[in-house]
Amino acid sequence: MGRLAHRDPLRRAYKGGSQPRPADPPAMSSTAAVRESYQKFNPRAYLQNNYMPPRADFSSEDCVVPWKLRCLAEAFAAGEIHGRTLIDVGSGPTIYQLLSACDHFEEIIATDFLEVNREVLRRWVRGEPSSFDWSPYIRHVCRIEGKGEQWKEKEKKLREKLRQILPIDVHQAEPLGSPLGRLADALVSTFCLEAVSPDRPSFERALRNITALLKPGGHFLFIGALEESFYLAGEAKLSVVPVSEADVREALGKAGYQIHDFRSYVMPPSLQIGVDDTRGVFFVHAQKQPVA
Ligand SMILES: C[S@@+](CC[C@H](N)C(=O)[O-])C[C@H]1O[C@@H](n2cnc3c(N)ncnc32)[C@H](O)[C@@H]1O
């Protein structure tokens, strides 16, 4: 049997649910179909599904959101990852993935394919009151970093360092459209590549495309879903290429990375809430091999 064949959690999730039932995704034969499917992506619903309780429960380190924040905090605390420019690939409407990074870089460039997500980020940078409330995340990260930083200081610092919010398409050989003029010292990417790739060859190509943005010897913090086939964002049902730990390791090796740390999180039944069918989450700290 295929990895995730014959499962239809969507039907179960939408029995009596309050959100409208999403349309089935188009057949994902090409990256063009994936781009089309993202036109219905609803940032508010996506944030609600993934970044509110029960998945964002800061009282338990076993919960998925605190697990991700700890992986990132520990990677940056080790002191190796720093520099002038960090690029976040496929930021979506979220900033949690940049909270520990912002102490270690002069500037952070957020990117996303969708204007609607870039606008959500710009509104947060401007401090608009209707923005998603990231304050529990910022407080939590200040707590686990243990440096005595006030959360308002960290919020201000990230807003100041998030100087550019750019369009990106990871399926292009030049994902930012034109060269930035310099290579990034580090990359972060969370839940993007597997969620926008129709198959594994495309996932591997997208990884190679974004690796071209990183300087040799630069660090990559890579988080994503394990063995996921779909997720919901309002009326959009997005197809995801299911990847295993071995697939992720292989793709990183082929793209020229050395893996320094690889961690996995198993999604507990209490967090399987019908908004996706992910089995878990991977976190990787990898380094692009210097040119010989
Ligand atoms: C699952 S969301 C991840 C958002 C965020 N990074 C997070 O951690 O929750 C996937 C993101 O990929 C973006 N995306 C879709 N197609 C893309 C493409 N071709 N290139 C880059 N990003 C794309 C979507 O707009 C969406 O924001």
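Residues numbered from 1 in each chain as written. Predicted model: local features only at pLDDT ≥ 70, side-chain atom pairs only at ≥ 80, totals over all residues. Heavy atoms only, no water.

### Re the nonpolar core
Within the largest apolar cluster, 90 residues are counted, with the highest numbers of intra-cluster contacts made by Tyr51, Trp134 and Tyr137. No other element matches the nine residues that helix α4 (residues 64–77) contributes to this core. Non-local contacts of Tyr51, meaning those with residues more than four positions away in its chain, are made with Tyr46, Ala56, Val65, Lys68, Thr94, Tyr96, Phe132, Trp134, Tyr137 and Phe191. (Core = buried A, V, L, I, M, F, W, Y, C linked by side-chain atoms within 4.5 Å. Buried < 20%, exposed > 50% of the residue type's maximum accessible area, 1.4 Å probe, protein only. Helix = DSSP H or I, 4+ residues; strand = E, 2+ residues; numbered from the N terminus. Contact = heavy atoms within 4.5 Å.)

### Some words on the confidence of the model for the protein
Summary statistics for the protein give a mean pLDDT of 90 and a share of 90% for residues scoring 70 or more. Taken as a whole, residues 1–21 scores under 50 in pLDDT and shows 35 contacts with residues more than four places along the chain or in a different chain. A low-confidence stretch, residues 23–28 stays under pLDDT 50, and its non-local contacts, those more than four residues away or across chains, total 15 contacts. (pLDDT = per-residue confidence, 0-100.)

### Considerations on the sheet that holds strand β8 (residues 257–266)
In spatial order, the strands read β3-β2-β1-β4-β5-β9-β8; together these seven strands make up an open sheet with mixed pairing. The open sheet has two free edges, formed respectively by β3 (162–167) and β8, since each of these has just one partner strand. Direction aside, the axes of adjacent strands within the sheet are offset by 15° on average. Packing against the sheet, helix α7 (residues 151–161) makes contact with β2 (105–112) and β3, and its axis sits at approximately 50° to β3. Those strands touched by helix α9 (residues 245–254) are β5 (214–226), β8 and β9 (280–288), and its axis lies near 160° from that of β8. (Pairing = 2+ DSSP bridges. Axes fitted to C-alpha atoms, helices over the stretch in contact; angles between N-to-C directions.)

### Regarding the site of the ligand
Around the ligand, the surrounding shell holds 21 residues, and the nearest of these are Tyr46, Tyr51, Tyr96, Asp112 and Thr190. Between the ligand and Tyr51 there is a distance of 2.5 Å, counted from an oxygen atom to a side-chain nitrogen or oxygen. The contact in question runs from an oxygen atom of the ligand to an N or O atom on the side chain of Tyr96, over 2.7 Å. Protein contact buries 99% of the 590 Å² of open area that the ligand shows by itself. Judged by the proximity of its atoms to the pocket grid, the ligand belongs to the largest cavity. (Near = heavy atom within 4 Å. Polar contact = N/O pair within 3.5 Å; in protein donor to acceptor, adjacent residues only side chain to side chain. Areas by Shrake-Rupley, 256 points an atom, 1.4 Å probe, with all protein chains shown as cover. 1 Å grid on protein atoms, 1.4 Å probe; cavity = no way out; pocket = protein on both sides within 12 Å on 5 of 7 lines; lining within 4 Å. Sits in = over half its atoms within 2 Å of the grid points.)

### Here we look at the pairing of strand β4 (residues 184–190)
Among the seven residues that make up β4, seven are buried, leaving the element largely enclosed by the rest of the structure. Across four bridges, strand β1 (residues 83–89) lies against β4 in parallel orientation. Paired with Leu86 across the two strands is Ala186, which belongs to β4. Two elements, β4 and β5, share six bridges in a ladder whose sense is parallel. Across the sheet, residue Val188 finds its bridge partner in β5, namely Leu221. Since β4 and β5 lie parallel, the crossover through helix α8 (residues 200–211) that links them has a hand, and here it is right-handed. (Right-handed = clockwise from strand over helix to strand, strands pointing away.)

### Considering the packing of aromatic side chains
According to the stated counting rule, one finds 19 aromatic pairs in the structure shown. Judged by centre distance (6.5 Å) and plane angle (50°), the rings of Tyr96 and Tyr137 are tilted. With Tyr96 in the loop between β1 and β2 and Tyr137 in helix α6 (residues 135–145), the pair connects residues that are 41 residues apart, well separated along the chain. By relative accessible area, Tyr137 is classed as buried at 1%. Its end group placed over the ring of Trp124, Arg159 keeps NZ or CZ at 4.5 Å from the ring centre. (Phe/Tyr/Trp six-rings, centres within 6.5 Å; stacked < 30°, edge-to-face > 60°. Lys NZ or Arg CZ within 6 Å of the ring centre and 35° of its normal.)

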